[in-house]
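# Secondary and tertiary structure notes
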Amino acid sequence: MGDVSESWEKRFRREVKEMDAALRGVLSRRQSDEALRAALEELARRPAFRSFTWLWGPALNARDRVRFRPLMLSCFSPSSITAAGKWVNPWTGENAAALEAWLADADRADDVELFRRLHAWKLAGLRGPQQAKTWREEVVRRVQAAPTRAARHIELAKLDSGWVRLDEPTALALDAVDAEAARPFILAHLPWSDAHERPSPWDTLRARAQARGDAALASALYRRLVDEPTWHRDALAFARTLQSPAALVAALKEHHPESHMPGAAQLFVELAETRGRDVVPYLLEHLRSVFPRWGVLGRKNAKGFPDLLALAWTRDWEDVWGALLRTSATPETYDAEVRRLVQDTASLPAQTRRRLLLLAGAGGEWNLPGLGVARVQPLTDATATALYARFPELVRGPFRMHVASGWRAAYPRLVTRALEANDEDLLDFLASRAAMHTPTPRDTKEWEQVLDALAAHYEALPKEGGVFARRAANALGALPAYAIWNFDALVEKNRLARLFFLRSDDFYLAEPRAVRDLLEAPQIHVQALAFRLLGLDSARAREVAAQNLDLLQATLLRPLHRRTRHAAFAALANAAAHGVEAARVLVPRVRDAFALPDTRYPKESLMALLAHMLTRWPELRGLAEVPHVFGLPVKGDGA
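Note that the structure is a prediction, hence the values are computed from the model and not measured.

Next up on the list: the pattern of salt bridges. Across all of its chains, the model carries 53 salt bridges by this definition. Salt-bridge contacts for Asp178 lead to Arg152; the nearest nitrogen and oxygen are separated by 2.9 Å. Residue Asp178 is found in the loop between α9 (168-177) and α10 (179-188), and its partner Arg152 is found in helix α8 (residues 149-158); the two are separated by 26 residues along the sequence. In this structure, Asp178 and Arg152 share a single accessibility class: buried. Across the salt bridge formed by Asp423 and Arg396, the nearest N and O atoms sit 2.7 Å from each other. In this pair, Asp423 is assigned in the loop between α23 (412-421) and α24 (424-434) and Arg396 in helix α22 (residues 392-396), connecting sequence segments 27 residues apart. Residue class for Arg396 comes out partly exposed when judged on its relative accessible area of 31%. One continuous salt-bridge network, built from bridges that share partners, spans Asp107, Asp110, Glu138, Arg141, Arg142, Glu155 and Lys158.

This part is about the domain arrangement of the protein. By domain assignment, the protein separates into domain 1 (1-120), domain 2 (126-225), domain 3 (404-535) and domain 4 (541-621). Between the C-alpha centres of domain 3 and domain 4 there is a distance of 29 Å. Where domain 3 abuts domain 4, roughly 1200 Å² becomes buried across the two surfaces, and 65% of that area is made up of carbon and sulfur atoms. Considering only the surface of domain 3 that becomes buried against domain 4, Arg516, Phe531 and Leu534 emerge as the three largest contributors, covering 49% of it.

Here we come to the layout of surface pockets. Put simply, the largest pocket is a space of about 1100 Å³. Forming the walls of the largest pocket are 31 residues, and the residues nearest its centre are Ala374, Val376, Ala404, Ser405 and Trp407. Of all the elements in the fold, those that place two or more residues in the lining of the largest pocket are α19 (331-342) and β4 (371-375). For the lining of the largest pocket, the leading source of residues is β4, giving five residues. Within the lining of the largest pocket, the residues separate by chemical class into 18 nonpolar, seven polar and six charged. Taken as a whole, the second largest pocket encloses approximately 430 Å³ of empty space.

Formed by 130 residues in total, the largest nonpolar core has its most connected members in Leu496, Phe500 and Phe501. Residue contributions to this core reach at least three from each of two domains, namely domain 3 (404-535) and domain 4 (541-621). For Phe500, the residues in contact, after removing those within four places along its chain, are Ala431, Ala435, Tyr458, Ala472, Ala475, Leu476, Tyr508 and Leu529. Grouped together as the second largest cluster of nonpolar side chains are 54 residues, Met19, Leu36, Leu43 and Phe76 included.

Reading the values: rules and limits
- Every chain is numbered independently, its residues counted from 1 as its sequence is written.
- For a predicted model such as this one, the threshold for reporting local features is a pLDDT of at least 70, and the threshold for listing and counting side-chain atom pairs is 80 or more; totals across whole chains, interfaces and linings nevertheless cover every residue.
- Side-chain numbers come from the whole structure's heavy atoms, not from hydrogens or water.
- The rule for a salt bridge is simple: a side-chain nitrogen of Lys or Arg has to be within 4 Å of a carboxyl oxygen of Asp or Glu.
- For the purposes of this entry, the term helix denotes a DSSP run of H or I that reaches at least four residues, the term strand denotes a run of E that reaches at least two, and both are numbered from the N terminus.
- Each residue is assigned to one of three classes by its accessible area relative to the maximum for its type, calculated with a 1.4 Å probe on protein chains only: buried under 20%, partly exposed between the two thresholds, exposed over 50%.
- Domain borders in the structure are assigned automatically or taken from a domain database.
- Each of two parts loses accessible area, computed with a 1.4 Å probe, when they are put together; buried area is these two losses added.
- Think of a 1 Å grid over just the protein atoms. A cavity is a set of points where a 1.4 Å probe fits yet cannot get out, a pocket is an open set with protein on both sides within 12 Å along at least five of seven lines, and lining residues have an atom within 4 Å of a point.
- Grid points are joined across faces, edges and corners, and a volume is the space filled by probe spheres set on the points.
- In this classification, the charged set is Asp, Glu, Lys and Arg, the nonpolar set is Ala, Val, Leu, Ile, Met, Phe, Trp, Tyr, Cys and Pro, and all remaining amino acids, among them Gly, are polar.
- Nonpolar cores are built from buried Ala, Val, Leu, Ile, Met, Phe, Trp, Tyr and Cys residues. Side-chain atoms within 4.5 Å join them into one set.
- A contact between two residues is defined here by any heavy atoms of the two lying within 4.5 Å.

Dropping the structure here:
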């Protein structure tokens, strides 16, 4: 153990030096493969183990490539450190020969995954353009030498690097050898381009693909590599020559660029003026290609955006007009259009309402595994208040996300109007957004005004009959997942959050439906509040916990923070303490949880939970859980 006062630099150097010595000692020791693997798995728990892949990787490969392959893959890292704590390229050092042998073994065995990692590691040690040049030459050499299509697929898979790009001569050479095998590899390694620097259009390969009828490759090459003038010229040519609307839309979609084109809106205007409604299906699908740009004074609309917006409004293309404002306008332009509609008293209310509905909703979405982000145009406080005065149901419904408070706005005037109207649905939503805002010194007095007004409103609600509990649970249930980053700072600085999370325990427990709403909330801190309530030492908490057994038992298998899991364990213990039937359901679930592979799962606390249940309900014990007490033998027993 190092001195607690040592700096991080000294600790780092000490740890890498210790790791180097430990690895050399383990690798030089005469022992079985099982013992060696166990020793290395133990070392893998310590810092810097992965950074010594250059040392232990070749040694394990020489020992038994198959047996140690899982360990090599799971702990593989191209980050390389010496015993002195220096970052090095081991492919040029004393261990280069051993690494080359490792790479050659993976190559001979056609171990695609391991070869790909090793080869990319070696390639990263080259400088600048030499990386791409070396990779391209090797791709061509290997594909040309492969005797069969299956072999060519394997060679291409080995060199399927995610960061090196092809050039046209290399792609032409691959296509000449085996067009079918090379197509997915070429498509996966096309160069990226932007508005300022675009690669050559690869006209030779594209013409070759068109000549043999490979429309998919030709279209992909065009969409990735086309420059804006060429796209502009070709799109207008389609509009002039293709008479069928369906054929025109298909051709425009097939040739729509994958990269950003600053003049997209200008082209859309010309297409619309040339062919009218024929191009609307294409426009609706690709309006997201038009988005605001940054200027000296901040964001401004894209070139051609005002003309396209005016054209859509003039021709009564409300679908294009609404989608363009949602997806492509600056917040200022969007807000001005909403305000113009609200103030338009000459049009029929039904028509204005329909147009407003076209502007409501997300303008774009980005979805990743476990995470989704939606882009929504915000309204100013003045516009939101005017919209609420004329169409309050729209603010409560479709426009609700457009008035979500945040760092941009607190909506004090809208909150005041909602309080005056006692609009419960809107107030609960506004409170959900205000309750997750951590005030900062930069905040204006508007935020203090909003938090004080909402907190006073909820504090004044009747506690009898569960009125306050239901309203507070509604607000907390609307909190989005992952919306709270620093809970302690939030409850310290936000009066409304303190009321909801810390000062209302008895009121929630008096209303079981509110507690269930908290358990089903998407925000984990709201769920943790419910766990804490159901874990309190009271008969009421035990009764409500047993009523929510179906939701609580799922926490045994969910990934939770350690503190939250302990709160959930307390709620489970209360549910089991309420009656034997609840315990009878929970005990098998607790036993099953011991098999979870999560090393951070607090199994000792789980054991305590099980012991608590079996102590309270001994009839649920298994044979191995019945205690046996042995005393001294009684005289006459023949001991």
